[in-house]
Amino acid sequence: DITYHGIDTVYTYTDHTTVTYDSNGNTIDEKLADGTDYTNFDSNGDPHHVNTPAHDGQPATSADITYHGIDTVYTYTDHTTVTYDSNGNITDEKLADGTDYTQFDHAGNPHHVDIPPENGNPATSANITYHGNDTVYTYTDHTTVTYDNNGNTIDEKLADGTDYTQFDSNGNPHHVNTPAHDGQPATSADITYHGIDTVYTYTDHTTVTYDSNGNTIDEKLADGTDYTNFD
């Protein structure tokens, strides 16, 4: 259907998309059925801004749109940039902190991430694979971290086989299985948190307490023997 509003002409399509043209026939607005609204069209008919309504639990947002050869880049208000190729497929997503997702599949899922240095940790990268509802990051040091479909950590396995599980809502594990190493047998421990200290309680009832820097500050054996003043 075509309607007229002053000097503007509005086409309403069967999918409920509306496209507004000015008196010279230039596109000035395109609104999709879901409320996504493209504006700031150039002389080629390409939009340079989009407002996206809240959907699927995600808040409303907006982005500026720029064009680089055959690629289109959306720069969102949180400074995330998402790059699409000429077919509309995502090829790159870079977060404001520099985290960069690449190697997207046809479902729009990335298979690689580069992570810049942060909080004293060095830069790293990971390959990303998908297993049912779970997503697994395999880092360059061979650590694997598994996330559920809500993005919660459910497993972290180090290169030496140490396996952390039972993560809480803060991302802290509450159990660890440690493989045999250096002549020591395999063991496991429950992990609890007390202020800034972390306590491992092993199967032989030994408890080892670490401070916020990971330094051992107390080791108590099952018979009550208590070691302190660690160097």
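The paragraphs below set out a description of the structure included in this document. What you see is a predicted model, and the numbers here were worked out from it, not measured in a lab.

## What about the overall build of the protein chain?
Alright, step 1. Counting its regular elements, the protein chain contains zero helices and 23 strands.
Alright, step 2. For 231 residues, the compact-globule estimate of 2.2 N^0.38 gives 17 Å, and the protein chain exceeds it by more than 25% at 26 Å.
Alright, step 3. Taking the principal axes of its C-alpha atoms as reference, the protein chain extends roughly 90 × 35 × 30 Å.
Alright, step 4. Counting only residues that meet the buried cut, the protein chain has 31% of its 231 residues in that class.
Alright, step 5. Look at the contacts in the protein chain between residues 6 or more apart in sequence, and 2% of them connect residues 24 or more apart.
Alright, step 6. Accessible area for the protein chain stands at about 14,500 Å²; split by element, carbon and sulfur atoms hold 47% of it.

## Regarding the side chain of T20
Alright, step 1. Turning to its location among the elements, T20 is positioned in strand β3 (residues 18-21).
Alright, step 2. Sequence-distant contacts of T20, that is, excluding residues within four places in its chain, are made with D8, T9, V10, N26, T27, I28 and D29.

## Some points on the environment of A126
Alright, step 1. Locating A126 in the fold gives a position in strand β13 (residues 124-131).
Alright, step 2. The sequence separation of A126 and Y137 amounts to eleven residues, and the corresponding C-alpha distance is 5.7 Å.
Alright, step 3. Apart from the residues within four sequence positions on either side, A126 is in contact with H111, H112, V113, Y137, T138 and Y139.

## Comments concerning the packing of aromatic side chains
Alright, step 1. Under the criterion given, the structure shown has eight aromatic pairs.
Alright, step 2. Pairing Y200 with Y210 gives two aromatic rings, centres 5.3 Å apart and planes at 75 degrees, and the pair type is edge-to-face. With a gap of ten residues between them, Y200 in strand β20 (residues 197-202) and Y210 in strand β21 (residues 207-210) connect regions that are remote in the sequence.
Alright, step 3. Overall, the relative accessible area of 13% leaves Y200 in the buried class.

## Here we look at unusual backbone geometry
Alright, step 1. For H142, which is not glycine, the phi torsion reads 75 degrees and is therefore positive.
Alright, step 2. Residue placement: H142 occurs in the loop between β14 (134-139) and β15 (144-147).
Alright, step 3. You can call H142 exposed: its relative accessible area is 58%.
Alright, step 4. Despite not being glycine, H205 shows a phi value in the positive range, around 75 degrees.
Alright, step 5. Structurally, H205 is set in the loop between β20 and β21.

## Here's the deal with the pairing of strand β1 (residues 2-5)
Alright, step 1. Bridge analysis of β1 against strand β2 (residues 8-12) gives four bridges, and the strand direction is antiparallel. Bridging from a neighbouring strand, Y4 pairs with T9 of β2.
Alright, step 2. From the end of β1 to the start of β2, which pair antiparallel, there are two residues, and G6 there has a positive phi angle of about 65 degrees.

## Focus: the nonpolar core
Alright, step 1. Membership of the largest hydrophobic core is limited to nine residues, which are Y101, F104, V113, I115, A126, I128, Y137, Y139 and V145.
Alright, step 2. Sequence-distant contacts of Y139, defined by excluding residues within four places in its chain, comprise I115, T124, S125, A126, V145 and Y147.

## Concerning a nonpolar patch on the surface
Alright, step 1. On the surface, a cluster of nonpolar side chains totalling about 430 Å² of accessible area is made up of I2, Y4, Y11 and Y13.
Alright, step 2. Mapped onto the secondary structure, Y4 falls in strand β1.

What counts and what doesn't
Position labels on residues start from 1 in each chain and follow its written sequence. In keeping with the model being predicted, local features are shown solely for residues with a pLDDT of at least 70 and side-chain atom pairs are shown and tallied solely at 80 or more, while totals for entire chains, interfaces and linings include all residues. As a rule here, side-chain values come from all non-hydrogen atoms in the structure, and water together with hydrogens is ignored. Secondary structure elements are taken from DSSP: a helix is a run of H or I of four residues or more, a strand is a run of E of two residues or more, and numbering for both begins at the N terminus. Restricting the calculation to C-alpha atoms gives the radius of gyration, and the globule rule supplies 2.2 Å times the number of residues raised to the power 0.38. Buried residues are those whose accessible area, probed at 1.4 Å on protein chains only, stays under 20% of the maximum for their type, while exposed residues exceed 50% and partly exposed ones sit between those limits. Contacts are residue-level and defined by heavy atoms, with any inter-residue pair within 4.5 Å sufficient. In this description, accessible areas are obtained by the Shrake-Rupley approach with a 1.4 Å probe, and a residue is regarded as covered only by the protein chains that are shown. Paired rings are identified among Phe, Tyr and Trp, the last through its six-membered ring, by centres lying within 6.5 Å, and are further divided according to the angle between planes into stacked (under 30 degrees), edge-to-face (over 60) and tilted (the rest). Two strands pair if DSSP finds at least two bridges between them. Think of a nonpolar core as a cluster: buried Ala, Val, Leu, Ile, Met, Phe, Trp, Tyr and Cys residues, connected wherever their side-chain atoms sit within 4.5 Å. Note that patches include only residues with greater than 30% relative accessible area and no salt bridge, and the join distances are 9 Å for like charges and 5 Å for nonpolar side chains (Val, Leu, Ile, Met, Phe, Trp, Tyr). The term salt bridge refers to a side-chain nitrogen of Lys or Arg lying within 4 Å of a carboxyl oxygen of Asp or Glu.

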